[in-house]
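If you want the building blocks of each chain, they are given just below.
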Amino acid sequence: MKIICPKCRYEWITKSSHIYVSCPSCLQKVNLNNLDNSFRMKLFQVEILIREFENDTGKKRNKVKLSEIVEWLESKIIKKD
Ligand SMILES: [Zn+2]
């Protein structure tokens, strides 16, 4: 199963069947039962969007404001219309 740490966004694959797994990056314990599937899907979608933003603009997520990402998204939507 693919997991994205809710705390530090580190992404990894686990074969663990335990309820709790530790994030290899920040060692935060992640409760897999709390990450229901719809939330997990949203997390993946946000992660994909942010990566696309980073690739597209060359900016890093920790250096930008959320409003910049929103503006970028809006410009994408306008271009496609
Ligand atoms: Zn983490």
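Just so we're clear, the structure is a prediction, and the values are computed from it rather than from any experiment.

### Some words on the overall build of the protein
Step number 1: Helix and strand counts for the protein come out as two helices and four strands.
Step number 2: Mapped in sequence order, the helices and strands of the protein form the string β-β-β-β-α-α.
Step number 3: Taking 81 residues into account, the globule formula puts the C-alpha radius of gyration at 12 Å, and the protein, at 15 Å, lies well above it.
Step number 4: Dimensions of the protein, computed from the C-alpha atoms along their principal axes, are close to 45 × 25 × 20 Å.

### Description of the coordination of the zinc ion
Step number 1: Coordination of the zinc ion by the protein involves Cys5 (SG), Cys8 (SG), Cys23 (SG) and Cys26 (SG), with metal-donor separations of 2.3 to 2.4 Å.
Step number 2: Mapping the donors of the zinc ion onto the primary sequence gives the spacing C-x2-C-x14-C-x2-C.

### Observations regarding the pattern of salt bridges
Step number 1: Enumeration according to the criterion identifies seven salt bridges in this entry.
Step number 2: Residue Glu11 is joined to Arg51 by a salt bridge in which the shortest nitrogen-to-oxygen separation is 2.7 Å. With Glu11 in strand β2 (residues 11-13) and Arg51 in helix α1 (residues 37-57), the pair connects residues that are 40 residues apart, well separated along the chain.
Step number 3: For Glu68, the salt bridge identified is with Lys59, shortest N-O distance 2.8 Å.
Step number 4: Through salt bridges that share partners, Lys2, Glu11, Glu47, Arg51, Glu54 and Arg61 make up one connected network.

### Re the confidence of the model for the protein
Step number 1: Of the residues in the protein, 91% have a pLDDT of 70 or more, and the chain-wide mean is 86.
Step number 2: When pLDDT is averaged over each element of the protein, β2 comes out on top at 89 and strand β1 (residues 2-4) at the bottom at 83.

### As for the packing of aromatic side chains
Step number 1: Summed over the entire model, instances satisfying the criterion amount to two aromatic pairs.
Step number 2: Judged by centre distance (5.4 Å) and plane angle (85°), the ring pair of Phe53 and Trp72 falls under edge-to-face. With a gap of 19 residues between them, Phe53 in helix α1 and Trp72 in helix α2 (residues 66-80) connect regions that are remote in the sequence. We note that Phe53, like Trp72, is buried.
Step number 3: Its end group placed over the ring of Phe44, Lys2 keeps NZ or CZ at 5.4 Å from the ring centre.

### Examining the environment of Val30
Step number 1: Mapping Val30 onto the fold places it in strand β4 (residues 29-31).
Step number 2: Note: C-alpha distance between Val30 and Ile3 (27 residues apart in sequence) is 9.2 Å.

### Some thoughts on the environment of Glu52
Step number 1: Here Glu52 lies in helix α1.
Step number 2: Taking the relative accessible area as the measure of exposure, Glu52 reaches 36% and is therefore partly exposed.
Step number 3: On a C-alpha basis, the gap between Glu52 and Leu73 in space is 10.0 Å, while along the polypeptide they are 21 residues apart.

Rules and cut-offs
- In every chain, residue numbers begin from 1 and rise along the written sequence.
- The predicted nature of this model means local features are confined to residues of pLDDT at least 70 and side-chain atom pairs, given and counted, to a pLDDT of 80 or more, with totals for whole chains, interfaces and linings taken over all residues.
- Each side-chain value is derived from all of the structure's non-hydrogen atoms; neither hydrogens nor water enter the calculation.
- Think of it this way: any DSSP run of H or I at least four residues long counts as a helix, any run of E at least two long counts as a strand, and we number them from the N terminus.
- The reference for a compact globule is 2.2 Å times residues^0.38; the radius of gyration itself is calculated from the C-alpha atoms.
- Ligating atoms shown are N, O and S within 2.8 Å of the metal, or 3.2 Å for Na, K and Ca, and water is not included, meaning a site may look less than complete.
- Salt bridge, as used here, is a side-chain nitrogen of Lys or Arg placed within 4 Å of a carboxyl oxygen of Asp or Glu.
- Looking at any residue, its pLDDT shows the predictor's confidence there, from 0 to 100.
- Here the aromatic set is Phe, Tyr and Trp, taking the six-membered ring for Trp, and pairing holds for ring centres within 6.5 Å; pairs whose planes are under 30 degrees apart are stacked, those over 60 apart are edge-to-face, and all others are tilted.
- Burial status follows relative accessibility: with a 1.4 Å probe on protein chains alone, a residue under 20% of its type maximum counts as buried, one over 50% as exposed, and anything between as partly exposed.
- Here, a charge over a ring is recorded when the distance from Lys NZ or Arg CZ to the ring centre is within 6 Å and its angle to the ring normal is within 35 degrees.

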